[in-house]
Amino acid sequence: MNTSAATFKAYRCHNLGDYHDLVIEDLPRQEPAAGEVWVRNHAAAIGFPDMLMVQGHYQFKPPLPFIPGMEFAGEIAAVGPGVQRAVGDKVMATVRFGAFAEYVSTAADNCLPLPETFDFATGATYLIAYKTAYVALAVRGNLKPGETVLIHGAAGGVGLAAVELAKALGARVIGMATGSHKLDAVRSKGADHVIDYAAGSFRKAVKALTAGRGADVIYDPIGGDIFDESLRCIAPFGRMLVIGFASGRIPVVPVNYALIKQYAIIGVRAGAYGRINPQGGREVEQALVEMAAAGTLKPRIHSRVPFTKVVQAFDEIASRKVVGRIVIDIDRWGGARND
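Residues numbered from 1 in each chain as written. Predicted model: local features only at pLDDT ≥ 70, side-chain atom pairs only at ≥ 80, totals over all residues. Heavy atoms only, no water.

I'm lost on the packing of aromatic side chains in this one. Help?
The geometry of two aromatic rings is summed up by the distance between their centres and the angle between their planes. Applying the stated criterion across every chain, the model contains 10 aromatic pairs. Their ring planes at 75 degrees and their centres at 6.4 Å tell us that F8 and Y103 sit as a pair that is edge-to-face. Pair noted here: F8 is in strand β1 (residues 7-12) and Y103 is in strand β6 (residues 103-107), with a separation of 95 residues, a long-range link. Of the residues examined, F8 reaches a relative accessible area of 5% and is grouped as buried. Classification of Y103 as buried rests on a relative accessible area of 14%. Aromatic side chains F60 and F97 sit 6.1 Å apart centroid to centroid with 25 degrees between the ring planes, which places their arrangement in the stacked category. Here F60, found in the loop between α1 (48-55) and β4 (71-79), pairs with F97, found in the loop between β5 (90-94) and β6; they are 37 residues apart in sequence, far enough to count as distant. Relative accessible area serves as the criterion here: at 31%, F97 is assigned to the partly exposed category. An aromatic cluster of at least three residues, connected via ring pairs, comprises F8, W38 and Y103. A cation over a ring is seen here: R29 above Y103, with NZ or CZ 4.1 Å from the ring centre. Seen from the ring of F60, R96 lies directly overhead, with NZ or CZ sitting 3.9 Å from the centre. (Phe/Tyr/Trp six-rings, centres within 6.5 Å; stacked < 30°, edge-to-face > 60°. Helix = DSSP H or I, 4+ residues; strand = E, 2+ residues; numbered from the N terminus. Buried < 20%, exposed > 50% of the residue type's maximum accessible area, 1.4 Å probe, protein only. Lys NZ or Arg CZ within 6 Å of the ring centre and 35° of its normal.)

So this is what it looks like as structure tokens:
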């Protein structure tokens, strides 16, 4: 991709609604401010929350126009005053928006060192999914070795991260997805049992796998009917982790169920957790960096697409056929790599 020294290319959203209206524009480059870095972007992850933000359905709405994209990996191209990092450092990072671009300006504290075991594409797909899984399971859900965790949407990026992390924490994992291809991917991350949504009601299957007790922890990024039925197969003193509402329906909880079974309903927003509790957020990041370096955790990449194919990637996400994460190769323009 040919870009002059003074500008860079980026996707911009001018109106909330249809992601097909996203446009690529040339924008001026700026020097990083104090505490900030300017990163030459090599890879960005694209996911369901990015689509929701463009459509105006995400809980956070950036001022228009904005550059979509929440996570990326690249090399530091410039540093602002007070920044200890060096030009050329390889990093992976998250931002609230701005990653679908050749260059990204962000706070230096948002950047973590890219593990030697990761390429840029892997680094771009790591932090949000695994932060969500870690904050949900290890921090908020207090998952203990030997407990049973039921993971919904287990073949998605956030779901596969949860399966892999739950196994690393010593849990017994039941993963749910639709179709043999997705279920195979869930097994590949270590799930002890898998259940196909196509089979219909899953309550009896979960009860059978847990000797009638139910799951100790339930990880739910779907909501709607899935959430409702999950409350019928949660163990006493269980923890229901609310990750999101991919189904489109926000469920209403009959609190008498919670009283009778004494379970907890716990909301999980990994980014907000770090903003509210900076020290806790740093501890989560450190744990994830160490687990990545040790080879314990590694994202599954569904596909890699050129920079010009962001809209098509959103189409694939909307079709619910993605297993893992899609990566935008920022260095590819219509399939031709700019070296």
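There is more to say after this.
Just to check I follow, could you spell out helix α3 (residues 127-140) for this structure?
The α-helix advances 3.6 residues per turn, and as a result positions three or four apart in sequence lie on the same side. Burial of α3 is extensive: 10 of the 14 residues sit out of reach of the surface. Among the residues of α3, those classed as buried are L127, A129, Y130, K131, T132, A133, Y134, V135, A136 and L137.

How should the pattern of salt bridges be read in this particular structure?
It is possible for side chains bearing opposite charge to pair when their charged atoms get close. Tallying each qualifying case throughout the model produces 13 salt bridges. The residue R12 makes a salt bridge to E25 at a minimum N-O spacing of 2.7 Å. Taken together, the residues R12 in strand β1 and E25 in strand β2 (residues 23-28) connect sequence positions 13 residues apart. Between E71 and R325 there is a salt bridge whose closest N-O contact spans 2.9 Å. In this pair, E71 sits in strand β4 while R325 sits in strand β15 (residues 325-329), placing the two residues 254 residues apart along the sequence. The class of E71 is buried, set by a relative accessible area of 3%. Its relative accessible area of 11% is what places R325 among the buried residues. Via salt bridges that share partners, D225, D228 and R249 belong to a single interconnected network. (Salt bridge = Lys/Arg side-chain N within 4 Å of Asp/Glu carboxyl O.)

Just checking my understanding: could you explain the environment of I328 for this structure?
Checked against the element boundaries, I328 lands in strand β15. On the basis of relative accessibility, which here comes to 0%, the residue I328 falls in the buried class. Along the backbone, I328 and F72 are 256 residues apart, and their C-alpha atoms lie at a distance of 9.1 Å. The residues contacting I328, other than those within four sequence positions of it, are H42, A43, A44, I46, F100, V305, P306, F307 and V310. (Contact = heavy atoms within 4.5 Å.)

I tried to follow the layout of surface pockets on my own but got confused; where do I start?
Over the atoms rolls a probe the size of a water molecule, and its path tells where empty space is left. Looking at the second largest pocket, its volume works out to about 360 Å³. Along the walls of the second largest pocket sit 18 residues, with F8, Q30, W38, I67 and S105 positioned nearest its centre. At the level of secondary structure, the elements contributing two or more residues to the lining of the second largest pocket comprise β1, β2, β3 (36-46) and β6. For the lining of the second largest pocket, the element with the most residues is β6, which contributes three residues. Classifying every residue of the lining of the second largest pocket gives 12 nonpolar, three polar and three charged. (1 Å grid on protein atoms, 1.4 Å probe; cavity = no way out; pocket = protein on both sides within 12 Å on 5 of 7 lines; lining within 4 Å. Points joined across faces, edges and corners; volume = space filled by probe spheres on them. Nonpolar A, V, L, I, M, F, W, Y, C, P; charged D, E, K, R; others polar.)

What is the right way to look at the nonpolar core in this model?
Considering soluble globular proteins, one finds that nonpolar side chains tend to be buried as a cluster. One finds M92, Y126, L137, V149, I151, Y219 and L241 to be the most contacted residues of the largest nonpolar core, which totals 53 residues. Residue contributions to this core peak at eight residues, all from α3. What L137 contacts, discounting residues up to four positions off in sequence, is N142, L143, V149, A162, L165, A166, L169, V217, Y219 and L241. Formed by 45 residues, the second largest nonpolar core is a distinct cluster that contains Y11, V39, V54 and V305. (Core = buried A, V, L, I, M, F, W, Y, C linked by side-chain atoms within 4.5 Å.)

Just to check I follow, could you spell out the pairing of strand β9 (residues 172-177) for this structure?
Side-chain direction in a regular strand flips from residue to residue, so the side chains alternate between the two faces of the sheet. Counting buried positions along β9 gives five out of six residues, so the element sits mostly inside the fold. Inspection of the sheet shows strand β8 (residues 148-151) paired to β9 by four bridges, in the parallel sense. Paired with V149 across the strands is V173, a residue of β9. With helix α4 (residues 157-168) bridging β8 and its parallel neighbour β9, the resulting β-α-β unit is right-handed. Following the backbone out of β9, through helix α5 (residues 180-188) and into the adjacent parallel strand β10 (residues 193-196), one traces a crossover that is right-handed. (Pairing = 2+ DSSP bridges. Right-handed = clockwise from strand over helix to strand, strands pointing away.)

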